[in-house]
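# Structural characterization, general
One-letter residues, chain by chain:
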Amino acid sequence: MTTGFFTSVDEVTTRLAEAGYLASTAVATTVFLADRLGKPLLVEGPAGVGKTELAKAVAAVADARLVRLQCYEGVDEARALYEWNHAKQLLRITAGRDETWDRARTDIFSEEFLLPRPLLTAIRGSEPTVLLIDETDKADVEVEGLLLEVLSDFQVTIPELGTVTAERRPFVVLTSNATRELSEALRRRCLFLHLDFPDAELEERIVRLRVPGLDAALAASVVSVVGALRAMELRKHPSVAETVDWARTLLALGADTLDDAVVRATLGVLLKHQEDIGRATEKLALA
Amino acid sequence: MIAERLTAFVQALRANGLRVGPSETVDAAAVVEVLGLAHRERLREGLAAALLRGEQQRAVFDATFDLYFPLRVGALETPSTEVAELRDRLAAALTANDQAAMALLAAEAVQALGRYGNSPASDGYSASQTLDRLRPQILLARVLAALRADRDSAPDFTERLEADEIRRRIQAFRGMVGTDARRRIAELRGTDRIARRAVAPTVDQIDFLYAGRDQLTELRRAVRPLSRKLATRLAARRRRASHGEIDLRRTLRRSLSTGGVPLRPAYRHRRPQRPELVLLCDISGSVAGFADFTMLLVQALRAEFSRVRVFGFVNRMAEVTELISPALGSSAQRILTEAQVMGLHTNSDYGTALGEFADRWLDAVGPRTSVLILGDARTNRRDPNLPALRLIAARARRVFWLNPEPPSLWDSGDSAATPYASVVPMHPCRNARQLGALIERLLPV
């Protein structure tokens with residue numbers, strides 16, 4: 001039942017760190033549990049905290065193939081699961097005009113004419129696989145129904161061929177920004193992880209890992225300013241990705257300490273709404 | 001033993017309004033088996049992963065977890081009883097941001113300062129008494145001074161953020177004191193009983209009438225996700241509705257050209273309509289939290305209505321549409337100071353306010369307008385002025401009255417709920433969950 005990538009929580013932490021992903025206790029524990037219990041991991045949280053990155057990092061450390069299903073409004077069975085290659089089927093029929101109907105019919109619904117899409121690909125393979133179902137909340141409700149079969153039994157039913165069951169369970173990560181409420185049934189099949197902004201200490205380590213040239217004291221200042229912004233009532237709080245961007249900007253500008261002028265000039269890297277910038281300027285008492 | 005504890009824990013979560021099914025309990029047991037009990041924080045995260053289905057449940061979960069899997073049991077062996085000494089050590093822990101030391105100090109403080117009662121039946125521990133005696137908030141200046149003394153370089157930009165940061169640490173410490181006090185009471189009185197009583201409900205179940213200030217802030221934060229949820233649900237509903245139904249009359253007429261065979265069915269598409277919304281909010285003290293939250297929610301859903309106008313009243317009516325902005329502080333407070341919503345006295349008076357609305361703004365209400373009246377219908381024994389309400393109801397498409405009081409209290413005392421309910425439908429609306437469901441019914445398509 002297990003995917004068997006890891007043997008302990010500590011191992012998850014160290015190996016993810018080697019791949020450049022610094023995991024909090026919550027992340028390391030849930031990744032380990034998802035691996036050990038063979039359950040999909042549903043990761044929710046604000047944009048830019050590293051939900052997709054987590055799946056990529058797991059795939060990298062486990063040396064597994066990453067299969068990604070990007071969900072959007074209108075994604076359907078044909079895009080998620082499989083399609084029949086109609087053109088090839090037509091060619092096959094025209095090529096064998098004189099054979100009997102029975103042969104022709106059975107033939108065109110065989111493996112040869114199947115176009116596997118991400119879900120089927122992830123289930124059929126025998127090598128270690130990480131299946132990333134990205135932005136699940138963007139997909140329509142019908143797709144959730146489809147996912148239920150895939151995620152609870154790791155099998156897919158193709159009417160013409162029968163049921164395909166996974167030989168080897170993929171490690172499944174679903175991400176969601178919670179723009180739509182996912183169904184109870186889907187949630188029940190998953191382990192739930194709310195990935196939030198990291199605490200100051202972890203964020204400082206992330207910044208220093210991603211922006212190696214940055215001075216330690218400046219990194220601490222950067223993180224504390226971002227922390228203060230997140231404590232304000234803003235339309236969009238700066239994410240980890242934006243913290244890193246800001247650190248890079250400061251490095252590029254050659255700033256070695258923060259002062260009013262630098263912060264004021266670069267606030268747009270962190271905040272994406274004019275009214276947020278106004279509010280932050282006021283609250284930070286920028287001269 | 002651990003199985004019993006786990007099921008008791010799950011029962012307590014259920015008692016606090018979390019939906020946890022048997023399959024989740026089985027998952028939780030698997031989690032305990034895989035992780036073991038050695039790391040408390042890992043166990044917390046693991047159980048959260050198995051039992052929770054959303055972030056808004058987390059606060060309830062954490063509080064319950066702290067009761068069933070406490071950090072420590074019983075009393076500390078050598079607690080310090082000197083307030084001054086506790087303060088010194090707390091200042092040091094706050095300066096270093098040492099969470100473990102802060103948690104230990106919280107336990108010591110509760111044991112030394114929080115105890116009350118002198119008979120076994122009335123004994124207990126109080127977090128507020130502990131905090132009253134310890135007064136951690138006075139440490140702010142001291143911690144700031146210590147931080148500044150530690151720093152060798154010149155003060156930089158982040159210094160101005162430090163005060164807020166220390167305030168947050170002190171707030172966290174207050175939370176730890178609360179947690180430890182609950183643990184101590186639970187040991188005295190039985191965990192199950194305390195878990196059912198002492199844990200705060202999730203945001204969408206907070207009662208509007210009894211919400212404290214912290215909870216109101218949390219409710220305001222819940223506005224955006226709730227409005228987004230309603231808006232996406234609405235989009236899906238519109239998409240489904242746009243398929244249209246068969247228009248029988250037009251299909252029959254078309255079929256005349258094909259000899260009565262309806263070859264080309266005609267569909268009836270409903271023209272998309274956005275309703276107008278007029279909100280009449282009682283913003284007197286007793287129901288202000290409710291009105292405030294509703295106004296914000298409606299404002300956030302503005303795109304779904306072609307026009308939203310908001311009126312506020314205590315005993316006089318005033319248009320306050322311009323004064324509401326989700327970004328700013330409490331709208332209700334602004335309205336009270338900037339709009340003419342009060343006459344000579346400060347008691348709410350529905351009759352006069354409705355009458356004034358009917359006199360001055362009746363043209364705001366038309367056949368496409370839905371009117372929402374928010375308030376507890378407590379009119380301080382004045383004339384309810386039903387004709388004014390009838391006048392409004394006659395012009396509007398629909399009128400709903402949302403009452404934050406439970407129906408059992410309607411008509412008690414000075415409530416004019418039933419007279420009003422005989423004119424317009426009145427719905428009890430006590431928390432964000434109910435409000436979301438009601439607003440959804442109002443929305444177009």
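Residues numbered from 1 in each chain as written. Chains lettered and ligands numbered in written order. Predicted model: local features only at pLDDT ≥ 70, side-chain atom pairs only at ≥ 80, totals over all residues. Heavy atoms only, no water.

- As annotated in an unreviewed UniProt entry, chain B is VWA domain-containing protein from Kitasatospora acidiphila.

- If you check an unreviewed UniProt entry, chain A appears there as MoxR family ATPase from Kitasatospora acidiphila.

## A few points about the side chain of Arg184(B)
Residue and element names in this part refer to chain B.
- Checked against the element boundaries, Arg184 lands in helix H9 (residues 159-189).
- Within the buried core, Arg184 has no salt-bridge partner, and the shortest N-O distance to an opposite charge, that of Glu187, equals 4.4 Å.
- One polar contact links Arg184 to Tyr125, side chain to side chain, over a distance of 2.8 Å.
- Leaving out residues up to four positions away in the same chain, Arg184 has contacts with Gly74, Ala75, Val110, Gln111 and Tyr125. (Helix = DSSP H or I, 4+ residues; strand = E, 2+ residues; numbered from the N terminus. Buried < 20%, exposed > 50% of the residue type's maximum accessible area, 1.4 Å probe, protein only. Lys, Arg positive; Asp, Glu negative; His and termini not counted. Salt bridge = Lys/Arg side-chain N within 4 Å of Asp/Glu carboxyl O. Polar contact = N/O pair within 3.5 Å; in protein donor to acceptor, adjacent residues only side chain to side chain. Contact = heavy atoms within 4.5 Å.)

## Observations concerning the pattern of salt bridges
All names here are of chain B.
- All chains considered together, the criterion is met by 38 salt bridges over all chains.
- Across the salt bridge formed by Asp66 and Arg44, the nearest N and O atoms sit 2.9 Å from each other. Taken as a pair, Asp66 in helix H4 (residues 58-68) and Arg44 in helix H3 (residues 40-51) lie far apart in primary sequence, 22 residues in all. Taken individually, Asp66 and Arg44 each receive the classification buried, so the pair is uniform in this respect.
- One salt bridge in this structure joins Glu405 and Arg378, with 2.8 Å as the shortest N-O distance. Of this pair, Glu405 sits in the loop between strand E9 (398-403) and helix H17 (417-421) while Arg378 sits in the loop between strand E8 (369-374) and helix H16 (386-395), placing them 27 residues apart in sequence. Like Glu405, the residue Arg378 is buried in the burial classification.

## As for the packing of aromatic side chains
Residues and elements named next belong to chain A.
- Evaluation of the coordinates by the stated rule reveals 16 aromatic pairs over all chains.
- Look at Trp84 and Phe109: their rings are 5.0 Å apart centre to centre, the planes differ by 85 degrees, and that puts the pair in the edge-to-face class. Residue Trp84 is found in strand E3 (residues 82-84), and its partner Phe109 is found in the loop between helix H6 (101-108) and strand E4 (114-116); the two are separated by 25 residues along the sequence.
- A relative accessible area of 28% means that Phe109 is categorised as partly exposed. (Phe/Tyr/Trp six-rings, centres within 6.5 Å; stacked < 30°, edge-to-face > 60°.)

## Observations concerning the interface of chain B and chain A
- Counting residues at the interface gives 34 residues for chain B and 41 residues for chain A.
- Between chain B and chain A, a total of about 3100 Å² is buried, with carbon and sulfur atoms accounting for 57% of that surface.
- Of all residues in chain B, Arg42(B), Arg53(B) and Phe157(B) bury the most surface against chain A, accounting for 22% of the area lost on that side.
- Along the contact surface separating chain B from chain A lie two salt bridges.
- Linking chain B with chain A are four residue pairs in polar contact (both at pLDDT 80 or more).
- Contributing elements (two or more residues each) for the side of chain B that touches chain A: helix H2 (22-35), H3, H9 and helix H11 (213-241) of chain B.
- Residues that form the side of chain B that touches chain A fall into these classes: twelve nonpolar, six polar and 16 charged. (Buried area = accessible area lost by both parts, 1.4 Å probe. Nonpolar A, V, L, I, M, F, W, Y, C, P; charged D, E, K, R; others polar.)

## Brief notes about the domain arrangement of chain A
Residue and element names in this part refer to chain A.
- What the domain assignment reports for chain A is domain 1 (9-80 + 116-194) and domain 2 (200-284).
- A straight line from the C-alpha centre of domain 1 to that of domain 2 covers 31 Å.
- Taken together, the six residues of domain 1 in the interface contact eight residues of domain 2.
- A buried area of about 600 Å², summed over both sides, lies between domain 1 and domain 2, and 65% of it is on carbon and sulfur atoms.
- For the domain 1 face of the interface with domain 2, the top three residues by lost area are Gly20, Leu22 and Gly48, together amounting to 68%.
- Inspection of the region where domain 1 meets domain 2 yields zero salt bridges.
- Remark: the boundary between domain 1 and domain 2 carries three residue pairs in polar contact (both at pLDDT 80 or more). (Domains from an automatic or database assignment.)

## Points about the nonpolar core
- Formed by 122 residues in total, the largest nonpolar core has its most connected members in Leu119(A), Phe9(B) and Leu47(B).
- Counting residues per element, this core draws most heavily on H9(B), which supplies nine residues.
- Apart from the residues within four sequence positions on either side, Phe9(B) is in contact with Leu47(B), Leu51(B), Phe61(B), Thr64(B), Phe65(B), Tyr68(B) and Phe69(B).
- Of all hydrophobic cores here, the second largest spans 41 residues; its members include Ala211(B), Leu296(B), Phe305(B) and Val314(B). (Core = buried A, V, L, I, M, F, W, Y, C linked by side-chain atoms within 4.5 Å.)

## Re the sheet that holds E9(B)
Residues and elements named next belong to chain B.
- Strand order across the open sheet formed by six strands is E7-E6-E5-E8-E9-E10, with mixed pairing between neighbours. Of all strands in the sheet, those with a lone pairing partner are strand E7 (317-319) and strand E10 (426-428), marking the two edges. Sheet twist, expressed as the average angle between the axes of neighbouring strands with direction ignored, equals 25 degrees.
- For E9 and E10, the ladder comprises three bridges, and the chain directions are parallel. (Pairing = 2+ DSSP bridges. Axes fitted to C-alpha atoms, helices over the stretch in contact; angles between N-to-C directions.)

## Re the pairing of E8(B)
Residue and element names in this part refer to chain B.
- Judged by how many residues are buried, E8 sits mostly within the fold: six of six residues are covered.
- Note that strand E5 (residues 276-282) and E8 share six bridges and pair parallel. The residue of E8 that forms the bridge with Val278 is Val371.
- Here E8 runs beside E9; their pairing, made up of five bridges, is parallel.

## Here's the deal with the sheet that holds strand E2 (residues 65-70) of chain A
Residues and elements named next belong to chain A.
- Read from one edge to the other, the open sheet built from five strands follows the order E2-E5-E8-E1-E9, with strand pairing classed as parallel. Taken across any chain shown, the strands that pair with only one partner, and hence form the sheet edges, are E2 and strand E9 (191-194). Direction aside, the axes of adjacent strands within the sheet are offset by 20 degrees on average.
- The pairing of E2 with strand E5 (residues 129-134) spans six bridges and is parallel. Looking at E5, one finds that Leu69 is bridged to Ile133.

## Brief notes about a nonpolar patch on the surface
- A contiguous nonpolar patch, built from Ile246(B), Leu248(B), Leu252(B) and Tyr267(B) and spanning about 430 Å² of accessible area, is present on the exposed surface.
- The class of Leu252(B) is exposed, set by a relative accessible area of 55%. (Patch = residues over 30% accessible without salt bridge, like charges linked within 9 Å, V, L, I, M, F, W, Y side chains within 5 Å. Areas by Shrake-Rupley, 256 points an atom, 1.4 Å probe, with all protein chains shown as cover.)

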